[in-house]
Amino acid sequence: MDRARLAEFLRTRREALQPEDVGLPRGPRRRTRGLRREEVAALSAMSTDYYSRIEQQRGPHPSEQMLAAIARGLRLSLAERDHLFQLGGHPAPRRIPRTDHINPGMMRIFDGLADSAAQVVSHLGETLLQTRLATALLGDQTRYTGLARSLHYRWFTDPESRRTHPEEDHPAHSRLIAADLHRAYTRDGRDSRAGEIVDALLAASEEFAAIWREHPVTGPYCTTERILHPQVGLLELHCQILLDPDHSQALQVFTATPGSATHERLRLLDVVAGQGL
């Protein structure tokens, strides 16, 4: 671990970021060049003291998880993330299609959607990041581990994952999800994370196995969706998708037709979510 170069690298990247780059207000009295340490710490979901000690060349040896969080907070590119890991005394993460690292362009767009129902999802249905309203709408989908991180897997193995959709929509939704996984499997191959999920589902779900045998191929997975919410009732939402350049991640934004009943219910849900902070 090279403490001096690590501290210098973090400082230069912090000073290169402006508040507007990460969705923060500039404020009239800002004199600091770039972001403040406490702002980077908040964006990285860690204490200001912990982050500050790294920049001051003291404190504990940061773990891979902490470095990954800092890379996300500082909106580092993949090359910069790899360099950060090496300075921190860890091998760079493998460059494989499944990654928790969100590219900086996607993060900048996400930061501008703080008041919307938006989330970043991997091509395997793993939710990496959610806005407050998306969490209120769909639940915290970032909390899962193992194969359950993938909605593709949860849909066919965990009945609880289906409660957000009307029962009459389940067959169509099952086919869409299986087709989305089929697309990832075709792209990544059998010896991949997608292959691992497929193998597990073929063994666990007769429904999935039956759809899989048909080689499901459909259009975009995220289309108009009906969501059954326990607090505000049925919502009919439009889902817009923005793909990153290598199609390994997608930004999903859920919207409602202005003036509709769903639009009013979504506004109510936003208020309820805000009161829960």
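For clarity, every value in this text was computed on a predicted model and none was experimentally measured.

1. Examining the environment of Val232
(1) Moving on: Here Val232 shows up in the loop between strand 3 (225–229) and strand 4 (233–243).
(2) Moving on: Taking the C-alpha atoms as reference, Val232 lies 9.9 Å from Arg267; in sequence the two are 35 residues apart.
(3) Moving on: Apart from residues no more than four positions distant in its own chain, Val232 is found in contact with Arg265, Leu268 and Leu269.

2. Some remarks on the confidence of the model for the protein
(1) Moving on: Averaged over all residues, the pLDDT of the protein equals 87, while 94% of them reach at least 70.
(2) Moving on: Ranking the elements of the protein by mean pLDDT puts helix 6 (residues 104–111) last, at 80, and helix 8 (residues 151–157) first, at 96.

3. Digging into the side chain of Gln130
(1) Moving on: One can find Gln130 in strand 2 (residues 127–130).
(2) Moving on: By relative accessible area, which is 13% here, Gln130 ends up buried.
(3) Moving on: Among the polar contacts made by the side chain of Gln130, one reaches the main-chain carbonyl oxygen of Gly139 at a distance of 3.1 Å.
(4) Moving on: At 3.0 Å, the side chain of Gln130 forms a polar contact with the backbone nitrogen of Gln141.
(5) Moving on: In this structure, Gln130 is in contact with Phe110, Ala118, Gln119, Thr135, Leu138, Gly139, Asp140, Gln141 and Thr142, ignoring residues within four places of it in sequence.

4. Describing the packing of helix 9 (residues 170–188) against helix 10 (residues 193–204)
(1) Moving on: Contact geometry for helix 9 and helix 10: axes closest at 8 Å, N-to-C directions at 130 degrees. Of the possible angle classes, the one that applies to helix 9 and helix 10 is oblique. Where helix 9 crosses over helix 10, the handedness of that crossing is left-handed. Here Leu181, Ala184, Tyr185 and Asp188 of helix 9 come into contact with helix 10, specifically with Ala194, Gly195, Ile197, Val198 and Leu201.
(2) Moving on: By residue class, the composition of the contact of helix 9 with helix 10 is seven nonpolar, one polar and one charged.

5. Thoughts on helix 12 (residues 261–275)
(1) Moving on: Helix length check: helix 12, at 15 residues, gives a terminal C-alpha distance of 21 Å against a target of 21 Å (1.5 Å per residue), a fit within 8%.
(2) Moving on: At its buried positions, helix 12 is contacted by helix 7 (132–138), strand 3, strand 4 and strand 5 (249–255).

6. Section: the sheet that holds strand 4
Adjacent strands of a sheet pair through backbone hydrogen bonds, lying either parallel or antiparallel.
(1) Moving on: Strand order in this open sheet of five strands is 2-1-5-4-3, and the pairing throughout is antiparallel. If you trace the sheet from one side to the other, it starts and ends with strand 2 and strand 3, each paired once. Along the sheet, successive strands turn relative to each other by an average axial angle of 30 degrees, direction set aside.
(2) Moving on: In this structure, strand 3 lies alongside strand 4, joined through five bridges in antiparallel fashion. By the bridge assignment for strand 4, His229 is matched with Gly233.
(3) Moving on: Sheet contacts for helix 6: strand 1 (117–122), strand 2, strand 4 and strand 5; angle to strand 5, the most-contacted strand, approximately 15 degrees.

About the cut-offs
- Residues numbered from 1 in each chain as written.
- Predicted model: local features only at pLDDT ≥ 70, side-chain atom pairs only at ≥ 80, totals over all residues.
- Heavy atoms only, no water.
- Helix = DSSP H or I, 4+ residues; strand = E, 2+ residues; numbered from the N terminus.
- Contact = heavy atoms within 4.5 Å.
- pLDDT = per-residue confidence, 0-100.
- Buried < 20%, exposed > 50% of the residue type's maximum accessible area, 1.4 Å probe, protein only.
- Polar contact = N/O pair within 3.5 Å; in protein donor to acceptor, adjacent residues only side chain to side chain.
- Axes fitted to C-alpha atoms, helices over the stretch in contact; angles between N-to-C directions.
- Parallel < 35°, antiparallel > 145°, perpendicular 65-115°, else oblique.
- Left-handed = near helix turned anticlockwise from the far one by under 90°.
- Nonpolar A, V, L, I, M, F, W, Y, C, P; charged D, E, K, R; others polar.
- Expected span 1.5 Å × (residues − 1).
- Pairing = 2+ DSSP bridges.

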